[in-house]
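Notes for the structure review
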Amino acid sequence: MAKIKITQIKSRIGSPKDQKRTLDALGLTKMHKTVEYECTPSIEGMVKKVRHLVSVEK
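Structural notes, computed from the coordinates. Not measured: the values here are computed from a predicted model.

Phi at His32 is positive, roughly 65 degrees, even though this residue is not glycine. Structurally, the position occupied by His32 is in the loop between α1 (17-26) and β2 (34-38).

Pasting the structure below:
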């Protein structure tokens, strides 16, 4: 499977709790932090939920 890089580009302040928990589940705890995951349907769903807060590179 392909790898994707996810970077948090916007602050989580003011976001709903479910979006904050999604960022935590992705391992994004600070601004400009980057994590790398296999591109699975569950990861894609989490990215879709917080797509306005993150940047994705394939």
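Position of Arg12 among the secondary structure elements: in the loop between β1 (3-8) and α1. A C-alpha to C-alpha distance of 16 Å links Arg12 and Val35, two positions 23 residues apart in sequence. Those residues in contact with Arg12, other than ones at most four positions away along the chain, are Lys20, Leu23, Asp24, Leu28 and Thr29. From its side chain, Arg12 meets the backbone oxygen of Lys20 in a polar contact 2.9 Å long.

Proteins that are soluble and globular tend to have nonpolar side chains buried together. With 12 residues, the main nonpolar core is built from Ile4, Ile6, Leu23, Leu26, Leu28, Val35, Cys39, Ile43, Val47, Val50, Leu53 and Val54. Mapped onto this core, the elements with two or more residues apiece are β1, α1 and α2 (41-49). The residues touching Ile43, leaving out its near neighbours within four places in the chain, are Ile4, Ile6, Leu26, Tyr37 and Glu38.

Judged by relative accessible area, Arg12 falls into the buried class, the value being 17%. There is a polar contact of 3.3 Å between the side chain of Arg12 and the backbone oxygen of Leu28.

Parameters and conventions
Residues numbered from 1 in each chain as written. Predicted model: local features only at pLDDT ≥ 70, side-chain atom pairs only at ≥ 80, totals over all residues. Heavy atoms only, no water. Helix = DSSP H or I, 4+ residues; strand = E, 2+ residues; numbered from the N terminus. Contact = heavy atoms within 4.5 Å. Polar contact = N/O pair within 3.5 Å; in protein donor to acceptor, adjacent residues only side chain to side chain. Core = buried A, V, L, I, M, F, W, Y, C linked by side-chain atoms within 4.5 Å. Buried < 20%, exposed > 50% of the residue type's maximum accessible area, 1.4 Å probe, protein only.

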